[in-house]
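Coordinate inspection notes
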Amino acid sequence: MMMINIKTEYIHESGDENINEDSFVIGKNIFGVFDGATSMTQFKNKKGYTGAYIASNICKKVFKNEKSSLYKLAITANREIRDQMERNKIDISKKENLWSTTIAVIKIDKKRNKFEWLQLGDSLIMVIYKDDTYKLMVNDYDHDIETLVMYKKLADKKIKNIRQVLDKQLLKTRRLANKTYGVLNGEVVVNKFFKKGVEKLDNIKNILLFTDGLILPKKDPKKLDDFDTFIKLYLSGGFKKIKDYIKQIQASDPNCWKYPRLKQCDDMTGISVFINNKTA
């Protein structure tokens, strides 16, 4: 009989702002990270919480329910995000007003030696096998490539305040939500964009869930993300080693010219789920 023991480690660190718009859940069998995206209207409630913060924390609350499937929980969270926007009199007819969040969640079934996973947007799930090879559960997650290619052209000219210059492009990208890429933002059509599946736990020693703030910055937006270096850093020092590596890049490139990115420092959230399989 296979016995499965689980332990976890996590990192949760704010970026440029005082408020961390990421959230996460570590349950008995459910684990997830959620990256709220700031609405173009810069909404804040009486407590100073942004729509992004509220959206990701709705997910945190909803995904504490261990009894339901990940898909049903995602639908519930999406509906609650819409309800909260309506209660706050947000004009939901305009996509740029919508509160949104990406999600990456897993649910482990110890009895069946498998895990269910669900992903939306650029919060990612990676499995690490016992031989230190790895696999990303999805590969087509980057909806900011076009924007960052434009950013690089401006960065090469040493233009300042590039994010403001690209305001129309950012608005265009936001209006493509749940048309060309998926986010939880209260829209019913999001169900077409969920990526999900079931994987056996055989030969897996780690499952990593992380928001895009932990994806390594790169000089050329057209190139694939460097997950070989990512995994080497993780195996030598966990998420802390990845965080320190990214922080060094961010500190050396305050204008975001060398490594094109929309924020100097993004929020970082990651959960490492350690799987220990033993035969009883």
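Our subject is the structure listed above.
Structure report, in brief. Note that residues are indexed from 1 along each chain, following the sequence as it is written. pLDDT decides what is reported in this predicted model: residues at 70 or higher carry local features, side-chain atom pairs at 80 or more are listed and counted, and totals for whole chains, interfaces and linings draw on all residues regardless. To obtain the side-chain values, all non-hydrogen atoms of the structure were used and water was disregarded.

With that settled, consider the overall build of the chain. Numbering of helices and strands starts at the N terminus; helices are DSSP runs of H or I of at least 4 residues and strands are runs of E of at least 2. Each helix and strand in the chain was counted, giving 6 helices and 10 strands. Note that the radius of gyration is over C-alpha atoms, with the globule rule given as 2.2 Å times the number of residues to the power 0.38. Against the compact-globule benchmark of 19 Å for 280 residues, the chain has a radius of gyration of 19 Å, which places it among compact chains. The dimensions of the chain, computed from C-alpha atoms along their principal axes, are 60 × 45 × 30 Å. Throughout, exposure labels follow a simple rule: accessible area from a 1.4 Å probe, protein chains only, divided by the maximum for the residue type, with under 20% read as buried, over 50% as exposed, and the rest as partly exposed. Residue burial in the chain is summarised as follows: out of 280 residues, 51% are buried. Summing over all exposed atoms, the chain offers an accessible surface of approximately 14100 Å²; the carbon and sulfur share of this is 49%. We count Lys and Arg on the positive side and Asp and Glu on the negative side, and we leave His and both chain ends out. A charged residue contributes its charge at one atom only: NZ of Lys, CZ of Arg, CG of Asp or CD of Glu. The chain carries 52 positive and 36 negative side-chain charges, and their two centres are separated by 3 Å. Working definition of accessibility: Shrake-Rupley area with a 1.4 Å probe, residue cover restricted to the visible protein chains.

Moving on: the environment of Pro260. For Pro260, the position within the fold is in the loop between α6 (227-252) and β10 (268-279). Along the sequence, Pro260 and Val25 sit 235 residues apart, while their C-alpha atoms lie 30 Å from each other. Residues contacting Pro260, with those up to four places away along its chain left out, are Leu148, Tyr151, Lys152, Lys218, Lys219 and Pro221. Any two residues having at least one pair of non-hydrogen atoms within 4.5 Å are treated as being in contact.

This next bit is on the packing of aromatic side chains. Each aromatic ring pair is summarised here by two numbers: the centre-to-centre distance and the angle between the ring planes. Pairing of aromatic side chains requires ring centres within 6.5 Å, counting the rings of Phe and Tyr and the six-membered ring of Trp. Pairs whose planes differ by under 30 degrees are stacked, by over 60 edge-to-face, and all others tilted. Applying the stated criterion across every chain, the model contains 10 aromatic pairs. On the basis of an interplanar angle of 75° and a centroid distance of 5.5 Å, the ring pair of Phe227 and Phe230 is categorised as edge-to-face. On the criterion of helical spacing, the pair formed by Phe227 and Phe230 is a turn pair, its members being 3 residues apart in helix α6. The same class applies to Phe227 and to Phe230, which are both buried. An aromatic cluster of at least three residues, connected via ring pairs, comprises Phe210, Phe227, Phe230, Tyr234 and Phe239. Put simply, a charge is over a ring when the Lys NZ or the Arg CZ is close to the ring centre, within 6 Å, and near the line of the ring normal, within 35 degrees. Positioned above the aromatic ring of Phe274 is the side chain of Lys7, whose terminal nitrogen or guanidinium carbon lies 5.3 Å from the ring centre. Over the ring of Tyr71 we find Lys196; its NZ or CZ atom is 5.7 Å from the centre of that ring.

Here strand β4 (residues 100-109) lies mainly inside the structure; 9 of its 10 residues are buried. DSSP bridges decide pairing: two strands pair if at least two such bridges lie between them. As defined by bridge partners, strand β3 (residues 30-37) adjoins β4 across 8 bridges and the pair is classed as antiparallel. Residue Val33 lies in a different strand from β4, and its bridge partner there is Ala104. Between β4 and strand β5 (residues 114-120), which pair antiparallel in sequence order, lie 4 residues; one of them, Asn113, sits at a positive phi of approximately 55°.

In this section: unusual backbone geometry. A positive phi angle, near 55°, is found at Asn113, a position not held by glycine. Checked against the element boundaries, Asn113 lands in the loop between β4 and β5. The backbone of Asn161 shows a phi angle near 55°, a positive value even though the residue is not glycine. With respect to the element layout, Asn161 can be found in the loop between α3 (145-156) and α4 (162-165).

Let us look at the packing of α3 against helix α5 (residues 167-175). For helices, the fitted line uses only the C-alpha atoms of the stretch in contact; every axis is such a line through C-alpha atoms, and the angle between N-to-C directions lies from 0 to 180 degrees. Contact geometry of α3 with α5 gives a least axis separation of 10 Å together with a crossing angle of 170°. Of the possible angle classes, the one that applies to α3 and α5 is roughly antiparallel. In contact with Glu146, Thr147 and Met150 of α3, α5 contributes Gln169, Leu170, Lys172 and Thr173. Residue classes in the contact of α3 with α5 are distributed as 2 nonpolar, 3 polar and 2 charged. These descriptions rest on fixed angle ranges, namely under 35 degrees for roughly parallel, over 145 for roughly antiparallel, 65 to 115 for roughly perpendicular, and the rest for oblique. Polar here means any residue other than Ala, Val, Leu, Ile, Met, Phe, Trp, Tyr, Cys and Pro, which are nonpolar, and Asp, Glu, Lys and Arg, which are charged; Gly is therefore polar.

We now examine the side chain of Asp225. Topologically, Asp225 is positioned in the loop between β9 (204-210) and α6. Between N or O atoms, a polar contact is any pair within 3.5 Å; within protein, one atom must be a potential hydrogen donor and the other a potential acceptor, and residues adjacent in sequence are included only when both atoms are from side chains. Of the polar contacts made by the side chain of Asp225, one reaches the side chain of Tyr141; its length is 2.4 Å. If we skip the residues at most four places from it in the chain, Asp225 touches Tyr141, Ile215, Leu216 and Lys218.

An ideal rise of 1.5 Å per residue puts 38 Å on 26 residues; α6 reaches only 21 Å between its terminal C-alpha atoms. The sharpest bend along α6 reaches about 125° and sits at Gly237. Turning to α6, its buried residues number three or more, namely Phe227, Phe230, Ile231, Leu233, Tyr234, Gly238, Phe239, Ile242, Lys243, Ile246, Ile249 and Gln250. A helix is expected to span 1.5 Å multiplied by its residue count minus one. To get the bend at any residue, fit one axis to the seven residues that end at it and another to the seven that begin at it, then take the angle between the two axes.

Opposite charge on two side chains permits them to pair, given that their charged atoms come into close proximity. A side-chain nitrogen of Lys or Arg and a carboxyl oxygen of Asp or Glu constitute a salt bridge if their distance falls within 4 Å. For the structure on display, the rule yields 17 salt bridges. The partner of Lys172 in a salt bridge is Glu146, with the nearest N and O atoms 3.0 Å apart. With Lys172 in helix α5 and Glu146 in helix α3, this residue pair connects regions lying 26 residues apart in the sequence. On the accessibility criterion, Lys172 (40% relative accessible area) is partly exposed. Note on Glu146: relative accessible area 41%, which makes it partly exposed. Its salt-bridge partner being Arg261, residue Asp253 comes within 2.8 Å of it at the nearest N-O pair. Relative accessible area serves as the criterion here: at 10%, Arg261 is assigned to the buried category.

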